[in-house]
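For reference, the chains in residue letters:
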Amino acid sequence: MARKQRRSRTCQGKGKLEVLVTDSLERRFVTREDIEFWLDNEYRAYAGLPMDSVDLDRIEKIICSHSAVRECESWLTDDGILHVSISQREPVVRFQDGQNGYYSDADGFLFPLQSRGSVQVPVVDGNLPLKVPRGFKGEVTSPEEKAWLLQVIHLVRHMEGTVWQQNISQIHVNKDKNLVLIPREGKERFLFGPPSRVEEKFGLMAAYYESVAPSKDPGWYSLVDVRHRKQLVCRK
């Protein structure tokens, strides 16, 4: 009887579509209108279909194929209304390679900048050792690129909730593939080297601000090299 009832009931149109974006207060990459547009263009005629003919698995695959969507769940209620619940990807760092910009989440999944919405995350630019074509989404396959990316993610996650999150405005990759951390205030540029020994290098940066900078006039040093173990090298 239940099966016969579902055959006799039809799925309602997009005007009845119920969409829940679980993290919309944090990020506004995806809206209800986006979901409607994707289904209209890629699933097409779901409205008016018998309820047991609506392919919920296909609907979820269509929605999850869009780069800003992390997870999706869809279901029909007995009144024929299609419900869609999604969560969005959470960027932790933004890469800018010339005109090609893209995000990475904490797992190293890359996806393009979004036409709607933006988030305040550290920006890494310059001579990136990543070969990422415009519009790419997914994970890099090169072991070297993957290792470097995960190290950078570890670096920016280490900055979260600390004074460095507020003080470091930019992370630049110079021609030698060394990271250069640029503070919001001051003339200093911190030559960080590769994104390794992160905790130790930030400790050296803290030592510079605590012990070296107060003994000199503001702007005395322009470059602070923290690449070496237990050693600060400061240059005017």
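As shown above, the structure is provided for reference.
Residues numbered from 1 in each chain as written. Predicted model: local features only at pLDDT ≥ 70, side-chain atom pairs only at ≥ 80, totals over all residues. Heavy atoms only, no water.

Novice: Could you give an account of the overall build of the chain, with specific residues and numbers?
Specialist: Along the backbone of the chain there are 6 helices and 12 strands. By the compact-globule yardstick of 18 Å for 236 residues, the chain is too spread out, its C-alpha radius of gyration being 24 Å. Across its three principal directions, the C-alpha atoms of the chain cover 85 × 30 × 30 Å. Relative to its 236 residues, the chain shows a buried fraction of 42%. Here the chain displays about 13000 Å² of accessible surface, and carbon together with sulfur accounts for 48% of that area. The positive charge centre, built from 35 side chains, and the negative charge centre, built from 33, are 3 Å apart in the chain. (Helix = DSSP H or I, 4+ residues; strand = E, 2+ residues; numbered from the N terminus. Rg over C-alpha atoms; globule rule 2.2 N^0.38 Å. Buried < 20%, exposed > 50% of the residue type's maximum accessible area, 1.4 Å probe, protein only. Areas by Shrake-Rupley, 256 points an atom, 1.4 Å probe, with all protein chains shown as cover. Lys, Arg positive; Asp, Glu negative; His and termini not counted. Charge placed at Lys NZ, Arg CZ, Asp CG, Glu CD.)

Novice: Any details on the side chain of K146? Residues and values, ideally.
Specialist: Relative to the helices and strands, K146 resides in helix α4 (residues 143–159). Within the local environment of K146, its side chain forms a polar contact with the side chain of E139, the two groups lying 3.4 Å apart. Residue contacts for K146: discarding those within four places in its chain leaves D107, G108, E139 and V140. (Polar contact = N/O pair within 3.5 Å; in protein donor to acceptor, adjacent residues only side chain to side chain. Contact = heavy atoms within 4.5 Å.)

Novice: So what about the pairing of strand β3 (residues 82–88)? Which residues, and what values?
Specialist: Where burial is concerned, most of β3 is hidden: 7 out of the 7 residues are buried. Of the two faces of β3, the one holding L82, V84, I86 and Q88 and the one holding H83, S85 and S87 are both buried throughout. Here strand β1 (residues 18–21) pairs with β3 via 4 bridges, running parallel. Note on β3: the bridge partner recorded for V21 is I86. Of the strand pairs in this sheet, strand β2 (residues 69–76) and β3 are connected by 7 bridges, and their pairing is antiparallel. Each residue of the ladder has a partner; that of W75, found in β3, is H83. (Pairing = 2+ DSSP bridges.)

Novice: I'd love a proper account of the pattern of salt bridges, names of residues and values included.
Specialist: According to the stated counting rule, one finds 10 salt bridges in the structure shown. Ionic pairing is found between R32 and E36, a salt bridge with its closest N-O pair at 2.2 Å. Residue R32 and its partner E36 are both found in helix α2 (residues 32–43); the two are separated by 4 residues, about one turn of the helix. A relative accessible area of 29% places R32 in the partly exposed class. Since its relative accessible area comes to 12%, E36 is described here as buried. Within the structure, one salt-bridge network assembled from shared partners comprises R70, R89, D105 and D107. (Salt bridge = Lys/Arg side-chain N within 4 Å of Asp/Glu carboxyl O.)

Novice: Provide a residue-level description of the environment of P183, including the pertinent values.
Specialist: Relative to the helices and strands, P183 resides in strand β9 (residues 179–183). The exposure class of P183 is buried, given its relative accessible area of 4%. A C-alpha to C-alpha distance of 45 Å links P183 and S74, two positions 109 residues apart in sequence. Residues contacting P183, with those up to four places away along its chain left out, are N167, I168, S169, E188, R189, F190 and Y209.

Novice: Give a detailed account of the environment of E144, specifying residues and quantitative values.
Specialist: Assignment of secondary structure puts E144 in helix α4. Classification of E144 as exposed rests on a relative accessible area of 59%. Distance from E144 to R70, taken between C-alpha atoms, is 25 Å for residues 74 residues apart in sequence.

Novice: Just give me the short version of the packing of α2 against helix α3 (residues 56–64), but keep the residues and values in it.
Specialist: The contact between α2 and α3 brings their axes to 10 Å, and the two run at 115°. Of the two elements, α2 crosses α3, and the hand of that crossing is right-handed. Residues I35, W38, L39, E42 and Y43 of α2 form the contact with α3, whose participating residues are R58, I59, I62 and I63. Each residue belonging to the contact of α2 with α3 can be placed in one class, and the counts come to 7 nonpolar, no polar and 2 charged. (Axes fitted to C-alpha atoms, helices over the stretch in contact; angles between N-to-C directions. Left-handed = near helix turned anticlockwise from the far one by under 90°. Nonpolar A, V, L, I, M, F, W, Y, C, P; charged D, E, K, R; others polar.)

Novice: Which residues make up the state of the cysteines, and what values go with them?
Specialist: Throughout the structure, instances matching the rule amount to 0 disulfides. Left without a disulfide partner, C64 is nearest to the cysteine sulfur of C72, which lies 4.8 Å away. Residue classification places C64 among the partly exposed positions, given a relative accessible area of 33%. (Disulfide = S-S within 2.5 Å.)

Novice: Could you give an account of the sheet that holds strand β4 (residues 91–97), with specific residues and numbers?
Specialist: Strand order in the open sheet formed by 9 strands is β6-β5-β4-β7-β8-β9-β10-β11-β12, with mixed pairing between adjacent strands. Only two strands of the sheet have a single neighbouring strand rather than two, namely β6 (110–112) and β12 (233–235). Each adjacent strand pair in this sheet contributes to an overall mean axis angle of 25°, direction not counted. Alignment of β4 against strand β5 (residues 100–105), held across 6 bridges, turns out to be antiparallel. The partner of R94 across the bridge, within β5, is Y103. Across the sheet, α4 touches β4, β5, β6, β7 (123–126), β8 (168–173), β9 and β10 (189–193), and the angle it forms with β4 is around 125°. Seen against the sheet, helix α6 (residues 198–212) touches β8, β9, β10, β11 (223–225) and β12 and runs at an angle of roughly 155° to β10.

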